Amino acid sequence: MNIRFRLQLSHLNIIALLVLFNNSVSAQDFMTNPYGRNTASLNGNWQVVVDWYNRGEHLGIAQDKKITKPTDFIEYSFSNQTLKVPGDWNSQDPHLFMYEGSVWYKKEFNATRKEGKRTFLYFGAVNYIAEVYLNGKKLGSHEGGFTPFQFEITNTLKDGTNNLIVRVNGERKEDYIPAMNYDWWNYGGITRDVSLIETTATFIEDYFIQLKKGSATEIEAWVKVNGDGKSKKVTLSIPAVGINKILETDSSGYAKTSLNASLQLWTPTVPKLYDITLSTDEETVKEKIGFRSIEVKGLDILLNGKPIFLKGVNFHEEISKDKRRAVSEADARQLLQSAKDLGCNFIRTAHYPQSERLVKMADEMGLMIWEEIPVWQGIQFGNPIILAKAENMLREMIRRDKNRASIIIWSISNETAPAADRDRVLTNMAAACRSLDPTRLVSSAFNHVKMEGNETIINDTLARQLDVFGINRYMGWYAHWPAKPGTMTFKSDFNKPMIMSEFGGESKYGNHGSADSAGLWNEEYQEQLYKDNIMMFKNIPFLRGVCPWVLYDFRSPTRLNAENQDGWNRKGLLSDKGDKKKAWYVLKAFYDSLK
Ligand code: GCU
C-alpha cells in the first residue's frame, strides 16, 4: 500500500470516526442491568408527529413551542396521534405499515430533583437512529436498532413537568448495519423499554462476574464505579456460596478480584442462577447470574468440560400472528417456550441482539444462545466507517449481556462474501470480541462453500479467526441435491467444530401434496427436506450443532410469491399462527433421538 493511499485511508478513518461520533458519541456507555436498579418506567402512550418529509427540524418540533400570542404560527401538533412504547409503529397504524421515515415522539413526565442523586434516561433500543431532546435541549443521538443507550439528565431535569422528545428515523442506508435488502421486516420506532434510572452520586456503573475460562470453581469479577468518589468500597456477595468480598476501587473507579467457590454449574437441564448483590455504602444492585464454562477442544464444544451437541433453532424478534416486534415478557416467553417445545437446548437470536428480557429469560429457562450483530450480507466493508459502527454494536451487545450464562457464542457476521475488506474488518472484529470478553466463543455464519461432486468443502479462511464456525446451507431448497442426501460428505480446512447455523425450506401451512417438488410449497416437501438434511448431518464428523431456519414464518418485504409468501418468509417450522407443520415433528423426533 503506497504512502499516499495509507494517508488517505487514515484520513478516511478520522472522518469515519467523526461522523460516527456525530451520530452516537453523546449516547454514553449505558449502565449494566437497568432492571436491578432504582428505575421508573416511561413506557406507555407517547404523543407523536409523523414527519413524512423530515420537516421537523426546520419546524423546531424538538422545542415543542407553545402558542402564546395571536401572531404565533406553529405548523405541527402532537395532539392528534399516540403510539405505544415499547412497540414498532408499523403494527400500530396502517399508514405506517411500510413506513421508514421519521416519527417525533413526545412524553411529559414529572420529576423532583434530589440532592446527591443522579438521573439517567435509558433506552432498551430504538430502530434505527434516535435523536433525544429534554426540555428543548438536545442530549445526543444513537445509531443502531438493537442495543441500549443512555444519557445523564441530572442537570437537565426540571422539578415538575419535563418534556422529552425523541426523533426516530427508520430509513435503510448503504452505510448502515444492516444495510439495504435484509430479509426481515424493518420495524421502526422505540421498540424496547424506556426508563428513568436514579443513582447515587457515585454508583456501580458496570461489572463482570463469570467463571474464569476453563475453570469450574474460580470466579473472576471486576466492578466499575462512576462518580467523583472513585475509590469506593464495593461488597460483592453471593450468599448461597458464602461469598461476601469487599473490593476497593482505584482512582479510575475500577476493582477486580478472583474468588473460589463450590458452585452448581449452569446447564440447559439445570439452569442454576445465583442471587448476587453489589453494594456500596449508598446503593445495592441486584442480579441473578449463572456460572458455566464454554470452550472448544479440537472438534468438540465443551460445556463445563463435557462435550455437547447444540440442538438449536433460529428466530426473529417478532410475534408473527400480530405482525409486530416482540416487546413484552409474555412475547419473550412465547418464543422461548416454542423453542423448548421443539426439544432445543440452543437458540440463535437472528440476526441482532434481541431484548434483554429474552436473554435473561433464556438464563432461567436453560437455552444456550448464539447472539450476533446485524452485519448481514451487503455490508460496505470498504467504507472505513463500517468497522467503527460494527465494533460499536459489538461493544454494546457484549456490554449488555456479558453476565448471561445462556450466551455461549458471540457472532460477528452472517453470510458475508470472502474478500480483502471483509476479511480485514471481520478479523478486527474477532480480535475486538475476544478482548471485550475472553470467556466466550467467537463465531460467524458462512454461506460461501465449494462443491466438488457430492462433497461440500469449507474453505472460508475467516474461519481461522473463529473458535467455531457456522454454515448456512439450504440443501434441497436454494441448492439442489448433487447426490443422494445420505452420500453427501463435508470437508473442512479447519480443525474446528461446525454448527449448521441455517438450513431448511419453505412451505405454506395447510398446503399438502407430493413430496417431490419444491414448486408446490407444500408441507410434505418441507418434511422430506428435513429428513434429507438430517441424513446428511450424519456424514459430517465435525458437526457439533444444528440450527434450522426458522422457528416461525416471519414477515419479509423480499418474499414476493403472491400465492404462498405474500410478504412472509415461509421457512417456519411453525406457521405465522403457531401451527406445527409436518417438518416440526421430524426435527422434534431428531432432537429427542439425540438425548
Ligand atoms: C439466509 C439469511 C436469513 C434468510 C434466509 C432465507 O441464510 O441468513 O436471514 O432469511 O437465508 O433465505 O430464508
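Computed from a predicted structure; not experimentally measured.

Q: Can you walk me through the overall build of the chain in this structure?
A: Counting its secondary structure elements, the chain contains 8 helices and 36 strands. Here the C-alpha coordinates of the chain stretch approximately 80 × 60 × 55 Å along the principal axes. Counting over 595 residues, the chain shows a buried share of 59%. Contacts in the chain between residues far apart in sequence, at least 24 positions, make up 73% of those at least 6 positions apart. Summing over all exposed atoms, the chain offers an accessible surface of approximately 23200 Å²; the carbon and sulfur share of this is 52%.

Q: Sorry if this is basic, but what is going on with the packing of helix H5 (residues 384–401) against helix H6 (residues 420–436) here?
A: The angle between the axes and the distance between the axes are what describe a pair of packed helices. Packing of H5 against H6 leaves a shortest axis separation of 10 Å and a crossing angle of 25°. For the element pair H5 / H6, the angle class is roughly parallel. Between H5 and H6 lies a crossing of right-handed hand. Contacts between H5 and H6 involve Leu387, Ala390, Glu391, Leu394, Arg395 and Ile398 from the first element and Val425, Asn428, Met429, Ala432, Cys433 and Leu436 from the second. Here the contact of H5 with H6 is built from residues that sort into 9 nonpolar, 1 polar and 2 charged.

Q: Help me understand the domain arrangement of the chain in this model?
A: The figure often quoted for interface size is the accessible area lost as the parts come together. Partitioning the chain into structural domains gives domain 1 (4–200), domain 2 (203–292) and domain 3 (306–593). For domain 1 versus domain 2, the distance between C-alpha centres works out to 32 Å. Contact residues are listed per partner, giving 10 residues for domain 1 and 13 residues for domain 2. Its largest share of buried area at the contact with domain 2, domain 1 owes to Thr32, Arg37 and Thr200, together 49% of the area lost on that side. In this structure, the connection of domain 1 to domain 2 is made through 8 residue pairs in polar contact (both at pLDDT 80 or more). Sorting the residues of the side of domain 1 that touches domain 2 by element identifies strand E5 (117–123) and strand E10 (194–200) as the ones contributing at least two each. Tallied by class, the residues present in the side of domain 1 that touches domain 2 amount to 2 nonpolar, 5 polar and 3 charged.

Q: Any chance you could explain the environment of Lys531 here in plain terms?
A: Structurally, the position occupied by Lys531 is in helix H7 (residues 523–537). Remark: the alpha-carbon pair of Lys531 and Pro485, spanning 46 residues in sequence, is separated by 9.1 Å.

Q: How should I be thinking about unusual backbone geometry in this particular structure?
A: Glycine aside, residues mostly have negative phi angles, and peptide bonds mostly take the trans form. The residue after Val85, namely Pro86, is reached through a cis peptide bond having omega 0°. At the junction of Ile177 and Pro178, the peptide bond is cis and its omega measures out at 5° in the coordinates. Mapping Pro178 onto the fold places it in the loop between strand E9 (160–169) and E10. Despite not being glycine, Asn33 has its phi angle at roughly 60°, a positive value. Positionally, Asn33 belongs in the loop between helix H1 (3–24) and strand E1 (38–41).

Q: In this structure, what is going on with the environment of Glu198? I would like to understand it.
A: Within the fold, Glu198 resides in strand E10. As a C-alpha pair, Glu198 and Gly504 span 306 residues in sequence and 47 Å in three-dimensional space. Residues within four places of Glu198 in sequence aside, it is in contact with Asn38, Lys114, Lys117 and Arg118. Among the polar contacts listed, one links the side chain of Glu198 to the side chain of Lys114, at a separation of 3.0 Å.

Q: What exactly am I supposed to notice about the sheet that holds strand E20 (residues 306–308) here?
A: A sheet is described by the order of its strands in space; here 3 strands give the open sequence E18-E19-E20, paired in antiparallel fashion. In this open sheet, the two edge strands, each paired with only one partner strand, are strand E18 (294–297) and E20. On average, each strand axis in the sheet is tilted by 45° relative to the strand beside it, whichever way the strands run.

Q: Whenever I open this one, the pattern of salt bridges confuses me. Can you help?
A: Should the charged atoms of two oppositely charged side chains come close, the side chains can pair. One pass over the structure, following the stated rule, counts 48 salt bridges. Here Glu287 ties to Arg404 by a salt bridge, and the two come within 2.9 Å at their closest N and O atoms. With a gap of 117 residues between them, Glu287 in strand E17 (residues 284–289) and Arg404 in the loop between H5 and strand E27 (407–414) connect regions that are remote in the sequence. Note on Arg404: relative accessible area 2%, which makes it buried. Each of Asp553, Arg570, Asp576, Lys577 and Lys581 takes part in a single network of salt bridges with overlapping partners.

Q: Which parts of the structure should I look at to understand the site of the ligand?
A: Taken together, the neighbourhood of the ligand is formed by 14 residues, with Asp183, His351, Glu415, Tyr478 and Glu502 sitting nearest. Contact between the ligand and Lys571: an oxygen atom at 2.7 Å from a side-chain N or O atom of the residue. Starting from 320 Å² of accessible surface for the ligand in isolation, the protein chains cover 95%. For the shell around the ligand, the class distribution of residues is 5 nonpolar, 4 polar and 5 charged.

Q: What's the story with the side chain of Asn314 in this structure? I'm lost.
A: Locating Asn314 in the fold gives a position in strand E22 (residues 314–315). Here Asn314 falls in the buried class, since its relative accessible area comes to 0%. At 3.0 Å, the side chain of Asn314 forms a polar contact with the backbone oxygen of Cys547. If we skip the residues at most four places from it in the chain, Asn314 touches Arg348, Ala350, Ser501, Glu502, Cys547, Pro548, Trp549, Val550 and Leu551.

Q: Would you mind showing me how to read empty space enclosed by the protein here?
A: A water-sized probe, rolled over the atoms, reveals where empty space remains. Following the criterion strictly, the structure yields 7 cavities of 30 Å³ or more and no others. Its volume calculated, the largest cavity comes out at about 100 Å³. As for the largest cavity, its lining consists of Pro34, Tyr35, Tyr122, Gly124, Pro148, Arg192, Asp193, Val327, Ser355, Glu356, Arg357 and Arg400. Along the lines of polarity and charge, the residues of the lining of the largest cavity split into 5 nonpolar, 2 polar and 5 charged. Among the domains, domain 1 (4–200) and domain 3 (306–593) are the pair contributing at least three residues each to the lining of the largest cavity.

Conventions we followed
- Residues numbered from 1 in each chain as written.
- Predicted model: local features only at pLDDT ≥ 70, side-chain atom pairs only at ≥ 80, totals over all residues.
- Heavy atoms only, no water.
- Helix = DSSP H or I, 4+ residues; strand = E, 2+ residues; numbered from the N terminus.
- Buried < 20%, exposed > 50% of the residue type's maximum accessible area, 1.4 Å probe, protein only.
- Contact = heavy atoms within 4.5 Å.
- Areas by Shrake-Rupley, 256 points an atom, 1.4 Å probe, with all protein chains shown as cover.
- Axes fitted to C-alpha atoms, helices over the stretch in contact; angles between N-to-C directions.
- Parallel < 35°, antiparallel > 145°, perpendicular 65-115°, else oblique.
- Left-handed = near helix turned anticlockwise from the far one by under 90°.
- Nonpolar A, V, L, I, M, F, W, Y, C, P; charged D, E, K, R; others polar.
- Domains from an automatic or database assignment.
- Buried area = accessible area lost by both parts, 1.4 Å probe.
- Polar contact = N/O pair within 3.5 Å; in protein donor to acceptor, adjacent residues only side chain to side chain.
- Pairing = 2+ DSSP bridges.
- Salt bridge = Lys/Arg side-chain N within 4 Å of Asp/Glu carboxyl O.
- Near = heavy atom within 4 Å.
- 1 Å grid on protein atoms, 1.4 Å probe; cavity = no way out; pocket = protein on both sides within 12 Å on 5 of 7 lines; lining within 4 Å.
- Points joined across faces, edges and corners; volume = space filled by probe spheres on them.

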